[in-house]
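So the chains spell out like this:
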Amino acid sequence: MRGQRGRAWKVGDNVDTDQIIAGRYLSLTDPQELASHCFEESYPELTTGFARGDLLVAGENLGCGSSREHAVVALKALGVPCIIASSFARIFFRNCLNLGLLPLECPGAVAGIEPGDEVHVDPATGKIENVSKGLVFEFKPLPCFLQEILTAGDMTAYVRNRLSQARSQKVRR
Amino acid sequence: MGLTITEKILARAAGLEAVEPGDIVQVKVDLVMGTDVTLPLSILELARMGAERVFDPEKVVAVIDHFAPAPNVEAATRSKMVRDFAFEQGLVHYFEPGYGRSGICHALLPEQGLTLPGSVVLGADSHTTTYGALGAFATGMGSTDIAAAMALGETWLRVPDSIRLHYHGALPKWVGGKDLILRTLHEVGVAGAIYKAMEFCGPTIEALPMSDRFTICNMAVEAGAKNGIIAPDAETERYLCDRTTRSYEALHSDDDASYAATYEFACHELQPQVAYPFSPDQARPVQQATDVKIDAVIIGSCTNGRLEDLRIAAQILRDKRVARGVRLIVIPATQKTYVEALKEGLLEVFAQAGGAISTPTCGPCFGGHMGVLAAGETAVSTTNRNFVGRMGHPESEVYLASPAVAAASAVAGRIAHPEEVVT
């Protein structure tokens, strides 16, 4: 999958999924509508200022609390291609990958990135570069199959691709 | 560096020599299970994925157990969706009350010999951790993950850190697996093992029958654990030899395996435990709870509805009457348990004591049906969760306990130590 380059936005530790998208919006299904309420009360500057392709940087335990997938849907629709966090809550981490949002665990990078820094992420080589400060951080590159899920778009599309590949191989044989 | 049993199972399933905590691996799954509550969503997702067939009709299991038998039209419709799917896909293992083999999934699958040591089992239900009692890696997932696993026969997992929980000392009379896990949850806390593998070991565990081991691994998830696990031994083998002819590999942790934390428990003075509302980690010795008046007693569930549990309850209830104003509901966890309890005369003991006996169902445990609680009511239950409103009205209260304490409480009309009732 391709590298990502964008401006960094930072949120703190233990940002729960309620802060990402409040419970009262869970009846919404349109991703863009969800995005318009993303971080609405917790980080309103992000709701209005975030530009597609910017990167989200977070502290410990991002996405704790409710298991709602809406949080990841909202972040994707907001234009977040990649999240760098010190650590992720378990279900949120799984939801991110299954819905095609790249979660990177890299406490060093979180410490070394300030809001507004220009950051370049290369999932294939496992490097996060803070272009503004000239710093490079390394993370364990994602295994190939996870990169395939992200490239496909989400888990559903990944399974669909795998099944149709299997079918066409059968036909060829 | 040595590996834990959990790491060994995941390494094998991933086709790797070794794995370490934090690694994300793609693993082959040996069994994927869903219920009437979670399968409908997975079935819709399978259609979106374009999956016409499940990867293996012998390894995909459907169990109708939550809203079973269906208490309303909505539940009946969902169950029908699952039933139609099971027949259309030719699932070999499909279970529903009235269809012969049936029961609560986490009691049923081990009983039917479907969960083996060393295997990877995924379930669309959080108490899937139960099968770890046989030395399997078993964990719960959401409906989309389960659909992907049903389509591909594989999933991705982040290798968890392991926590070692070591127990020594013989358990006193009337103290069993439920008391041990409630005490453990009290120590570890509901968030104490988030994302981790809880590995239960030591002489006390080795002396426990499978029924108690299932109870322990069942509730590992109440500490946030990804899986609970007990290394297979002679007891495991004895349990499996009646139930399966399939081969399996019994794996064990290396002596130099590394753990994120270690706990040591002395069990010789452990008292029967009662977990106060509204969290499973609020355990206290039963003696501190004996002034709590109760309205209902539930004996059953995937935690404590096995034959051994019913035997203990019957031992206390024999020739006794349920206290005035208390209703007792007994739910054998599987049809096989039901039949065996019938043959042994246990069901007669419950009926003579005044209790109601239900066909196997999750029913009241998740506040679904078959004995839910009204506002202001208090229950002693052998189930696994006592969150606000879990078993009915948000203003009802649930105290979690063993079958022994539950049966004694039914007779006393308040929370009671079994010794108060059995002389």
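Quick caveat, the model's predicted, so the values are computed rather than measured.

Q: Just to check I follow, could you spell out the overall build of chain B for this structure?
A: Helix and strand counts for chain B come out as 15 helices and 18 strands. For 423 residues, the compact-globule estimate of 2.2 N^0.38 gives 22 Å, and chain B sits close to it at 20 Å. The buried share of chain B, taken over its 423 residues, is 59%. The long-range share in chain B, meaning contacts at least 24 apart out of those at least 6 apart in sequence, stands at 77%.

Q: Help me out: how do you make sense of the interface of chain A and chain B in this one?
A: Reports of interface size often rely on the accessible area that becomes lost once the parts have come together. The partner chain B presents 15 residues to the 13 residues of chain A that form the contact. Looking at the side of chain A that touches chain B, the elements that each hand over two or more residues are helix H5 (90-99), helix H7 (144-152) and helix H8 (155-172) of chain A. Ranked by the residues each element gives to the side of chain A that touches chain B, the list is headed by H8(A), at seven residues. By residue class, the composition of the side of chain A that touches chain B is seven nonpolar, three polar and three charged.

Q: Any chance you could explain the pairing of strand S14 (residues 296-300) of chain B here in plain terms?
A: Consecutive side chains along a regular strand alternate between the two faces of the sheet. Residue and element names in this part refer to chain B. Of all five residues in S14, five are buried, a share of seventy percent or more. The alternating pattern of S14 places Ala296, Ile298 and Gly300 and Val297 and Ile299 on opposite faces, both of which are buried. Bridge analysis of S14 against strand S15 (residues 327-331) gives five bridges, and the strand direction is parallel. Residue pairing in the sheet places Ile299 in a bridge with Val330 of S15. Here S14 pairs with strand S17 (residues 378-381) via three bridges, running parallel. For Val297, the partnering residue across the bridge sits in S17 and is Val380.

Q: Can you walk me through the sheet that holds strand S3 (residues 82-85) of chain A in this structure?
A: Hydrogen bonds along the backbone pair up the strands of a sheet, which may run parallel or antiparallel. Residues and elements named next belong to chain A. Taken together, seven strands build an open sheet; the order of strands is S4-S3-S2-S1-S5-S6-S7 and the sheet is mixed. Each of the sheet's edge strands pairs with one partner strand only, and the pair in question is strand S4 (102-105) and strand S7 (135-138). Shown here is a sheet whose adjacent strand axes are inclined to one another by a mean of 30°, direction ignored. Sheet analysis places strand S1 (residues 4-10) next to strand S5 (residues 118-122), joined by four bridges and oriented antiparallel. By the bridge assignment, Arg5 is partnered in S5 with His120.

Q: Mind showing me how you'd approach the domain arrangement of chain B here?
A: Residue and element names in this part refer to chain B. Under the domain assignment used here, chain B contains domain 1 (5-264) and domain 2 (273-421). Computed from C-alpha coordinates alone, the two centres of domain 1 and domain 2 are separated by 24 Å. Contact residues are listed per partner, giving 35 residues for domain 1 and 33 residues for domain 2. In terms of residue count, the dominant contributor to the side of domain 1 that touches domain 2 is helix H6 (residues 177-188) (six residues).

Q: Before we go on, may I ask you to explain the sheet that holds strand S6 (residues 137-140) of chain B in this structure?
A: All names here are of chain B. In spatial order, the strands read S4-S3-S2-S5-S6; together these five strands make up an open sheet with parallel pairing. The sheet is open, and its two edges are formed by strand S4 (93-95) and S6, each paired on a single side. Each strand axis lies, on average, 15° off the axis of its neighbour in the sheet, ignoring direction.

Q: I tried to follow the confidence of the model for chain B on my own but got confused; where do I start?
A: The predicted coordinates ought not to be read in detail in places where the model reports low pLDDT. On average, residues of chain B score 97 in pLDDT, and 100% of them are at 70 or above. Scored as a whole, the predicted complex attains pTM 0.93, and scored at its interfaces, ipTM 0.89.

Q: What is the right way to read helix H1 (residues 5-14) of chain B from this model?
A: Turn by turn, an α-helix covers 3.6 residues, leaving residues three or four places apart pointing in a common direction. Residues and elements named next belong to chain B. Burial runs high along H1: nine of the ten residues are buried. Residues of H1 that are buried include every one of Ile5, Thr6, Glu7, Lys8, Ile9, Leu10, Ala11, Ala13 and Ala14, and no others. Positive backbone phi, at 70°, marks Gly15, one or two positions downstream of H1.

Reading guide: rules and limits
Residues numbered from 1 in each chain as written. Chains lettered and ligands numbered in written order. Predicted model: local features only at pLDDT ≥ 70, side-chain atom pairs only at ≥ 80, totals over all residues. Helix = DSSP H or I, 4+ residues; strand = E, 2+ residues; numbered from the N terminus. Rg over C-alpha atoms; globule rule 2.2 N^0.38 Å. Buried ≥ 20, exposed ≤ 12 C-beta atoms within 10 Å, placed from the backbone. Contact = placed C-beta atoms within 7 Å. Nonpolar A, V, L, I, M, F, W, Y, C, P; charged D, E, K, R; others polar. Pairing = 2+ DSSP bridges. Axes fitted to C-alpha atoms, helices over the stretch in contact; angles between N-to-C directions. Domains from an automatic or database assignment. pLDDT = per-residue confidence, 0-100.

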